[in-house]
Amino acid sequence: MNQAHGTQETKARQRLPWNAFTGKGHLAAAILLVIMHFFFLLSFLEPAISTPDANGYLVQARLIAREGRTFLTTESPVQYVGFHWLYDGKRRYFSRYPPGLPAITAPFYKAFGPERVLVLPLIMASLTLLGLFLLCRSWIGESWALLAAALMAVNPFANEHALVHDSHTSVSFFLVWGLYCLFQWRKTFSPLWSFTGGLFLGIIPAIHYPEALFLPALAVYMLVTVRSPGQDLKSLAACLSGAALPLLLLGLRNQGAFGAFWKTGYGLSDHLAVSFGISFFLQNFLPYLQKLMSEGCGLLFVPGFLGIVAMSAQEDTWKEGLFFSLLVVPVTALYMAYSFRADPQSMRFLIPTFYLYTAAGVWFLKMACDRSSLAAVPAVSALLVLNTLWGIPLSLHSLEPLRFRSAILAGITTVLEKHAAPGTVVIAPDGINQHLDFLGRWHLADGTSLTDRTTFPEPFYGHFTPRRGPELFRNEEGLKKYRDLKGKNLRDAFSGDLWSWAGGTGRVCWLAREHELESLRPSLGENEKMTVIESIPIPRVPSHSDPAAAGGPPGPPPDMPGMRAGPPGPVGPGNIFDLTLDGKPLLLVKWER
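Conventions used here
- Counting of residues starts from 1 at the beginning of each chain's written sequence and follows it residue by residue.
- In keeping with the predicted nature of the model, local features appear solely for residues at pLDDT of at least 70, side-chain atom pairs appear and are counted solely at 80 or more, and the whole-chain, interface and lining totals rest on all residues.
- The side-chain numbers reported here are obtained from all heavy atoms of the structure, hydrogens and water having been left aside.
- Axis angles are defined between N-to-C directions and span 0 to 180 degrees, where every axis is a line fitted to C-alpha atoms and, for a helix, only to the segment in contact.
- The helix and strand labels rest on DSSP assignments: H or I over at least four residues marks a helix, E over at least two residues marks a strand, and numbering proceeds from the N terminus.
- Oblique is the label for any angle not under 35 degrees, not over 145, and not in the 65 to 115 range, which are roughly parallel, roughly antiparallel and roughly perpendicular in turn.
- Note on definitions: a residue-residue contact is assigned when non-hydrogen atoms from the two residues lie within 4.5 Å.
- Each residue is assigned to one of three groups, with Ala, Val, Leu, Ile, Met, Phe, Trp, Tyr, Cys and Pro labelled nonpolar, Asp, Glu, Lys and Arg labelled charged, and all others, Gly among them, labelled polar.
- A pair of aromatic rings is counted whenever rings of Phe, Tyr or Trp (Trp by its six-membered ring) have centres within 6.5 Å, and the orientation is called stacked for planes under 30 degrees apart, edge-to-face for over 60 and tilted otherwise.
- Residue exposure (1.4 Å probe, protein chains only): buried if accessible area is under 20% of the type maximum, exposed if over 50%, otherwise partly exposed.
- Two strands pair under a simple rule: DSSP has to find at least two bridges between them.
- With its strands directed away from the observer, a crossover is right-handed exactly when the path from the first strand over the helix to the second travels clockwise.
- Expected span, for any helix, means 1.5 Å times one less than how many residues it has.
- The bend at a residue is defined as the angle formed between two axes, one fitted to the seven residues ending at that residue and one fitted to the seven starting there.
- Between Lys or Arg on one side and Asp or Glu on the other, a salt bridge is scored when a side-chain nitrogen of the former is within 4 Å of a carboxyl oxygen of the latter.
- Each patch is assembled from residues with relative accessible area greater than 30% and no salt bridge, linking like charges that lie within 9 Å and nonpolar side chains (Val, Leu, Ile, Met, Phe, Trp, Tyr) that lie within 5 Å.
- Under the convention used here, a 1.4 Å probe and the Shrake-Rupley method define accessible areas, while residue burial counts only the protein chains that appear.

## So, the packing of helix H4 (residues 100-112) against helix H10 (residues 191-207)
Interhelical geometry of H4 versus H10 gives an angle of 105° and a closest axis separation of 6 Å. With respect to H10, the element H4 is oriented roughly perpendicular. Contacts between H4 and H10 involve Gly-100, Leu-101 and Ile-104 from the first element and Ile-203, Ala-206 and Ile-207 from the second. Residues belonging to the contact of H4 with H10 are distributed by class as follows: five nonpolar, one polar and no charged.

Now the structure itself:
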């Protein structure tokens, strides 16, 4: 019985197009492509983070590396708490994001420091291309595998989010390499390959919770592939064990942090407006498809979709077609049913599926060219040229604003390092604090109570209720203490807590605009003074129209389309979160008492 089963499986594997091409030099070309892709991304890297999502992940990495924990505690009511950090009622703040990626990043943070660890997502993005090549080589053929890697190398969303430092690059990395391991197992039925494949896919929910939807796809694929009671069952057990290991560690952490293994950081939000429903799905279905075919997956979406359908319909590839379908459809439907209206950045959630569409699309193209060899060269050439003409300009348009914003923050950091010793209390806007928090060199104070700044504190969940001053505090102790204070009473209370936190060092610095400084000077005590140490130039992001007429911050210039329009505040086009790029210098002020 086992022998008959083995013969059937061997014949089935022979029918699969594992080795359609055997040309030489393809691996070397793929490695060269990976190296070129890495240095392309590296040319846009600045030693700073400019998004709150990056803060939610990388501050966790700092805490794990330096203190062996995933939560932060506050020492003062004035202490800065990041946008994605939520209070648990026990003087602890947890990131709403899981600790998988921070745990992977922490050893590199400890070994190389915060600035150098920013290279890690770039390495993962480029190695994902190598994984895609190896996956397609084992399944479609070497030449077609090289084409798949080249097509994906210019995807603008995948390239952009390698420098955003969020979770989607690492999810793609573990998905593609997990599939490669499973496809190697499909050829050899080695338990080691199935264990590694299960481990890689099991890591994904520990990085980004919604992608737990990949696990049912893994289970179904293994069940329909494993049929013999001997060696195959060992492979199934190995795969399930590999997937269960990171999930067990995540559950134990959640049990200790939130009191139950199924609870997550999202449950700590008091104003969680995330919901899913059929009405949202109907509203977002067509916009999502449109964006998948334009700025998301681009030209590869249609052949990728047809490839998955064709794979599912063929006798020798239906298992792979089913696997791809179960990986793509549920997660896409989930985000279509999300209460957030589709916008240009919605495609970030689906970046891992782009690699699947690319692999399936190249497979479909190969099948079509096998039926008509005369069409192979023009079809492949046209797809490669058009995809490159689409991808490279859009990649440049999205990467340059990221480099631009991060360079501003890196410049501010350089000035601060020159004048503020480690441990100095630094008061700064949110957009600067979220970067400095990742570095972990200074005590950071939330200075929103010192200004009359109005912002929109919860754009992530669709809440755009304007708030001012103390209402912006995410430090619960400070929010309770300062909420009902105004004017001089507020500033006196804030100042007292500030100097209490600074202790006897007297080291306090403030990054402020000139009008903010002048508005505070009259309320200073007799023994207080403020001295401008250095003026830091801030570029102005010009708008298409007069900003004064618009009544808000400047809009995106023609050469920076990656900065999209939105209401003033954290999501404004000329902002780094709440730091407006209006051309007015930022002053580094020494506050003495």
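After presenting the structure, the write-up continues.
## Digging into the packing of aromatic side chains
On inspection of all chains with the given rule, the structure shows 30 aromatic pairs. Here Phe-38 and Phe-39 contribute two aromatic rings whose centre-to-centre distance is 5.2 Å and whose plane-to-plane angle is 75°, an arrangement assigned as edge-to-face. What makes Phe-38 buried here is its relative accessible area of 17%. Judged by centre distance (6.5 Å) and plane angle (15°), the rings of Phe-183 and Tyr-221 are stacked. One end of the pair, Phe-183, is in helix H9 (residues 168-188); the other, Tyr-221, is in helix H11 (residues 214-225), with 38 residues separating them in the sequence. With a relative accessible area of 0%, Phe-183 lands in the buried category.

## Quick word on the environment of Gly-440
The residue Gly-440 is located in the loop between helix H18 (430-439) and strand S5 (443-446) in this model. Between the C-alpha atom of Gly-440 and that of Gly-423, which follows or precedes it by 17 residues, the distance is 9.1 Å. With sequence-adjacent residues up to four places away left out, Gly-440 is seen in contact with Arg-62 and Arg-66.

## Description of the pairing of S5
Note that strand S4 (residues 425-428) and S5 share four bridges and pair parallel. Paired with Val-426 across the bridge in S5 is Leu-444. Between the parallel pair S4 and S5, the chain is carried across by H18, and the sense of this crossover is right-handed.

## Details of the sheet that holds strand S3 (residues 93-95)
Overall, antiparallel pairing links the three strands, which are arranged S1-S3-S2 in an open sheet. The sheet terminates laterally at strand S1 (71-72) and strand S2 (85-87), the two strands that pair on one side only. Two elements, S1 and S3, share two bridges in a ladder whose sense is antiparallel. Among the inter-strand pairings, Leu-72 is bridged to a residue of S3, identified as Tyr-93.

## So, helix H13 (residues 278-296)
Helical geometry: 3.6 residues make up each α-helical turn, so side chains three or four residues apart lie on a common side. Taking 1.5 Å per residue as the helical rise, H13 with its 19 residues ought to reach 27 Å, whereas the 23 Å between its terminal C-alpha atoms falls clearly short. Maximal helix bending in H13 amounts to about 40°, located at Asn-284; proline Pro-287 follows within four positions. Regarding H13, the residues found buried are Asn-284, Tyr-288, Lys-291, Leu-292 and Gly-296. Contacts from the buried residues of H13 go to helix H8 (156-164), helix H14 (301-313), helix H15 (318-336), helix H16 (351-371) and helix H17 (376-419). One or two steps after H13, the chain reaches Gly-298, where phi turns positive at roughly 70°.

## A few points about the side chain of Ser-76
Structurally, the position occupied by Ser-76 is in the loop between S1 and S2. Ignoring sequence-local partners within four residues, the contact set of Ser-76 consists of Asn-475, Glu-477, Asp-497 and Trp-501.

## A closer look at the pattern of salt bridges
Within the structure shown, the criterion is met by 19 salt bridges. Here Glu-46 and Arg-403 are joined by a salt bridge, their closest N and O atoms 3.8 Å apart. A residue pair is termed long-range when its members are at least 10 positions apart, and Glu-46 in the loop between helix H2 (26-42) and helix H3 (52-67) and Arg-403 in helix H17 qualify at 357 residues. Accessibility expressed as a relative area gives 22% for Glu-46, which makes it partly exposed. Owing to a relative accessible area of 22%, Arg-403 belongs among the partly exposed residues under this scheme. We note a salt bridge from Arg-474 to Asp-430, for which the minimum N-O separation is 2.6 Å.

## Concerning the sheet that holds strand S9 (residues 529-536)
The five strands are arranged S5-S4-S8-S12-S9 in an open sheet whose pairing can be described as mixed. Edge positions in the open sheet fall to S5 and S9, since each of these has one partner strand only. Ignoring strand direction, the axes of neighbouring strands in this sheet form an average angle of 25°. Direction of pairing for strand S8 (residues 508-512) relative to strand S12 (residues 586-592): antiparallel, over a ladder of four bridges. Within S12, the position partnered with Cys-509 by the bridge is Lys-590. Here H17 sits on the sheet in contact with S4, S8, S9 and S12, set at roughly 135° to S9.

## Some words on the pairing of S8
Across the five residues of S8, five count as buried, placing the element largely inside the fold. The alternating pattern of S8 places Val-508, Trp-510 and Ala-512 and Cys-509 and Leu-511 on opposite faces, both of which are buried. The pairing of S4 with S8 spans three bridges and is classified as parallel. Looking at S8, one finds that Ile-427 is bridged to Trp-510.

## A look at a nonpolar patch on the surface
Residues Met-293, Val-302, Phe-305, Leu-306 and Val-309 make up a contiguous nonpolar surface patch of about 430 Å² in total accessible area. The element contributing the most residues to the nonpolar patch is H14, with four residues. Following the sequence through the fold, Val-309 ends up in helix H14. Judged by relative accessible area, Val-309 falls into the partly exposed class, the value being 44%.

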